[in-house]
Amino acid sequence: AAWKTYLGRPEADGHRCLGMGILGEALRDSGRPEESLPVFKTYVAWRHRYWPSGKHDILIAQNNLAICLSDLGRHDEVLVLKREIYAGFVAMCGESHHDTMGAGLNLAMSMNATGLNEEAKSFLHDRLLPMARRSVGADNQLTLKLGRILAV
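Figured I'd write up the structure that's included with this text. Here the structure is a predicted model, which means the values were calculated and not measured. (Residues numbered from 1 in each chain as written. Predicted model: local features only at pLDDT ≥ 70, side-chain atom pairs only at ≥ 80, totals over all residues. Heavy atoms only, no water.)

**Focus on the side chain of S110**
Okay, step 1: With respect to the helices and strands, S110 occurs in helix α6 (residues 98-113).
Okay, step 2: Looking at S110, the relative accessible area reads 9%, which means it is buried.
Okay, step 3: Not counting chain neighbours up to four residues away, the residues in contact with S110 comprise V78, L79 and K82. (Helix = DSSP H or I, 4+ residues; strand = E, 2+ residues; numbered from the N terminus. Buried < 20%, exposed > 50% of the residue type's maximum accessible area, 1.4 Å probe, protein only. Contact = heavy atoms within 4.5 Å.)

This is how it looks when you write it as structure tokens:
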């Protein structure tokens, strides 16, 4: 019902766009990923079209789309998106930023989900874990999580 409030607004209206994102999340969270997929695709497209300078918001929208694709078992598509998201965070924030390292962790998990275990292990061992230790410390939650994943 709330979605209908924004339906009559122009496509470029910020509230309509946010409503689209919320609708996608609600559908996905209620176990309806097939229905949320076109909503997320539209949301990402609108972010690119109307707010291209909002790079962080675009990356978050792409991540939500990737989660939906993962729920649908489309792991090869997820991997492509996760690579784009990680590269986007590296370009926007640098390698040592917490968001970049989180995106890297998600990328490594996607690599594992598609059977690229050696690439994931190398990425974690050679790149992410050393960066996390240097930038947030060895006792940080993210660093510890990276270490646990690498140990498996």
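Still more ground to cover, so stick around.
**Looking at the packing of α6 against helix α7 (residues 117-135)**
Okay, step 1: Where α6 contacts α7, the two axes come as close as 9 Å, and the packing angle between them is 165 degrees. Considering the angle they form, α6 stands roughly antiparallel to α7. Handedness of the α6/α7 crossing: left-handed. Where α6 abuts α7, its residues M101, G104, L105, L107, A108, M111 and N112 lie against N117, E119, A120, F123, L124, L128, M131, A132 and S135.
Okay, step 2: Here the contact of α6 with α7 is built from residues that sort into 11 nonpolar, four polar and one charged. (Axes fitted to C-alpha atoms, helices over the stretch in contact; angles between N-to-C directions. Parallel < 35°, antiparallel > 145°, perpendicular 65-115°, else oblique. Left-handed = near helix turned anticlockwise from the far one by under 90°. Nonpolar A, V, L, I, M, F, W, Y, C, P; charged D, E, K, R; others polar.)

**Observations regarding the nonpolar core**
Okay, step 1: Judged by nonpolar contacts, the single largest core of 21 residues is most densely connected at Y86, L107, M111, F123, L124, L128 and L146.
Okay, step 2: Listed by contribution, the elements that provide at least two residues to this core are α5 (75-93), α6, α7 and α8 (141-151).
Okay, step 3: Here this core gets seven residues from one element, more than from any other, and that element is α7.
Okay, step 4: Ignoring any residue separated from it by four or fewer positions in sequence, one finds M111 in contact with L79, R83, L116, N117, E119, A120 and F123.
Okay, step 5: Ranked by size, the runner-up nonpolar core spans 16 residues in total, among them L27, W46, L65 and C68. (Core = buried A, V, L, I, M, F, W, Y, C linked by side-chain atoms within 4.5 Å.)

Coordinates in, geometry out; function isn't part of it.
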